[in-house]
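# Notes for the structure review
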Amino acid sequence: MRKWKQGRVHAKIAIVGNHTTDGLEHALTFDAAKREINVEVLTTGYGQWAVQMLQSGSELDEFNGDLTVCTLDESVIYQHLQTNDWSVETIDKALRTAIVEINHIIKTFAYRNKGAIVLHTIPLPLADLKSIIGYREKQIVASLWKKFNCHLLELHTTLPNVITLDFDVLTQGAAQTRDERMRHFGSMSYSVGAWHCLSTEIVSIVAAQKGLTKKVLALDLDQTLWGGVIGDDGEKGIALSDTFPGNQYKTFQKYIYRLHVQGVLLTIASKNDWNNVKNVFIENEHMILKEEDFIQIFCHWNPKTDSLRKMANQLNLGLDSFVFADDNPFERQLMKEELPDVTVLPIGKDPSHYVMELLDIGWFHTIALTNEDRKRSQKYKQLVKHEELKEASTSIEEYLEQLQMVLRWSRLEEHHISRVTQLSQRTNQFNLTTERLTEAEVTRTMDMSVAESIYTFGLEDRFGDNGLVGYFHISEEGKHWRIRNVVMSCRVFKRQVEAQALHLLIEQARAKGVQTISGTYRQTSKNGLVASFYEEHAFYRQGDEWMYSCKDPLPKVPWIKQQLSDERVNV
């Protein structure tokens, strides 16, 4: 077991497999350090994957990792072949037997393990395909093998904590995926290059689990979204077209737009004259990105570091939520020095590489997309309107009353599971304990035989629906409730939404005869904003916990109306 000494976030990764996995351990340690994740890696005995996953109380169980990687090679299939029988029929039978075996083993482990389980598809060895001399038979075997891998890729439909990576796609960047000499020498089925390709993706999953997913992509314009300098070349002279070299920038914009529609917030941080820039958005037919796709535009001659500070302040986001893309090495270095929390993309001089320089590390990856993601840009634009209304109001009370807020309160409903899971994994500021929940753990709280529950709250105001913005995770212990965590989106900060939600939780507890409620605050580097949450809401300190007596109701927030789900909540 090996520990890496650097990093602000700790993660436990277990590796099991049916072949030598040393190369993967080293790659994970290295790639995790680049994401400032301190990893503790467990590798079990050679070929012990099935025993470790099937046996309750195994070394794997005791380790209790955040994520378990199960890496398999073709021998898990070939062990079911009859000796020297290499026909389409026997390969088909071996594939079908192997998928049943793998499914059983993974399912057994998944039912008793709360962490994520990562598999990868198993590549068909080139020599094995070439050893079949009939082209019709080659096609049949290739098709059967792909169906086998499709079964692996579909495991998540019944086991939500399982993620299967596509080996063939993700290792395209490796010079070679196999090293035949090392396979014979040390049972190393995959090359170092293949391990690093897979490791990048695995670390991205860990980062998503730990709330390290980035939320904002701040973009330069000249030589970044188009070739040339708008101030010198004019809107007609910039390189942006369907032919080289302008097509490189157009392709880059296409991929940025794909991120945008999946919930990544786009902003502009450019030293330019907005009047010149605006004409490009209006007149150039090759612009994929439109002005309305950006939630903030800072186009002036002030330092870009100032622009990002203002963006973060207006959006209620930490600077560590930002990724900055700029072709100018001077601007990139200045950003690194003045705002070290901002992730600066290492964009080089070749725009044909921009797409992979943006996407390779997986800065914006999340475990699963939700409807909230697709509406995120619209919701943050509402936040800008909120700030404008606040500035126009004579007092904070007038501003809050004019928002016309309605809080929707309910016990967890099935269609909110993905959103609650995502809030748990991505929210860092208003997160009292930073207890990260998997989808399976969230789903478990709906079981009425379990003494746990999750109460959710959404918010609507005069500018639109903010969607589900927070939740309380409760352990029900007879006449006492323990608040395991309170999580709320940064979009609704400073409106006393959390106070009204807490009022409803206490009323819910009182209706059930609960006498006391306790809660805990666990400090992190990012949640200092909520350090006084319990104290501000009439809880008193008792040891390491905060206590509340339910004999006294918590006052309502006068400017927030409430909408209750009658079927699930009795208030």
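Whatever comes next refers back to the structure up there.
Let us look at the structure shown here.

Rules and cut-offs
- Residues numbered from 1 in each chain as written.
- Predicted model: local features only at pLDDT ≥ 70, side-chain atom pairs only at ≥ 80, totals over all residues.
- Heavy atoms only, no water.
- Helix = DSSP H or I, 4+ residues; strand = E, 2+ residues; numbered from the N terminus.
- Buried < 20%, exposed > 50% of the residue type's maximum accessible area, 1.4 Å probe, protein only.
- Polar contact = N/O pair within 3.5 Å; in protein donor to acceptor, adjacent residues only side chain to side chain.
- Contact = heavy atoms within 4.5 Å.
- Pairing = 2+ DSSP bridges.
- Right-handed = clockwise from strand over helix to strand, strands pointing away.
- Axes fitted to C-alpha atoms, helices over the stretch in contact; angles between N-to-C directions.
- Expected span 1.5 Å × (residues − 1).

## Details of the side chain of His480
For His480, the location among the structural elements is in strand β15 (residues 480-488). Classification of His480 as buried rests on a relative accessible area of 17%. In this structure the side chain of His480 is engaged in a polar contact, spanning 2.9 Å, whose partner is the side chain of Ser518. Those residues in contact with His480 that sit more than four places away from it in its chain are Ser475, Val514, Thr516, Ile517, Ser518 and Met547.

## Some words on the pairing of strand β16 (residues 516-519)
The pairing of β15 with β16 spans four bridges and is classified as parallel. If you follow Ile483 over to β16, its bridge partner there is Gly519. At this point the chain moves from β15, through helix α22 (residues 497-511), to the parallel β16, and the crossover so formed is right-handed. Taken together, the four bridges between β16 and strand β18 (residues 545-549) define a ladder with antiparallel strand orientation.

## A few points about the sheet that holds strand β12 (residues 405-411)
Judged by pairing direction, the sheet is mixed, and its eight strands sit side by side in the order β17-β18-β16-β15-β14-β13-β12-β19 without closing on themselves. Whereas interior strands pair on both sides, the edge strands pair on one side only; in this sheet they are β17 (540-542) and β19 (560-564). The average undirected angle you get between the axes of adjacent strands in this sheet is 30°. Direction of pairing for β12 relative to strand β13 (residues 452-461): antiparallel, over a ladder of six bridges. Residue Trp409 lies in a different strand from β13, and its bridge partner there is Phe457.

## Some details on the sheet that holds strand β7 (residues 216-219)
For sheets, the rule is that strands pair by backbone hydrogen bonds, running either parallel or antiparallel. The five strands are arranged β9-β8-β7-β10-β11 in an open sheet whose pairing can be described as parallel. Where the open sheet ends on each side, the last strands, each with one partner, are β9 (294-300) and β11 (343-344). With six bridges connecting them, strand β8 (residues 265-271) and β9 associate as parallel partners. Residue pairing across strands places Ser270 opposite Cys299, the latter belonging to β9. Packed onto the sheet, helix α18 (residues 376-392) meets β8 and β9 and runs at close to 60° relative to β9.

## A closer look at α22
Between the first and last C-alpha of α22 there are 21 Å, a value that for 15 residues agrees with the 21 Å anticipated at 1.5 Å per step. Of all 15 residues in α22, 13 are buried; the element is thus mostly enclosed.

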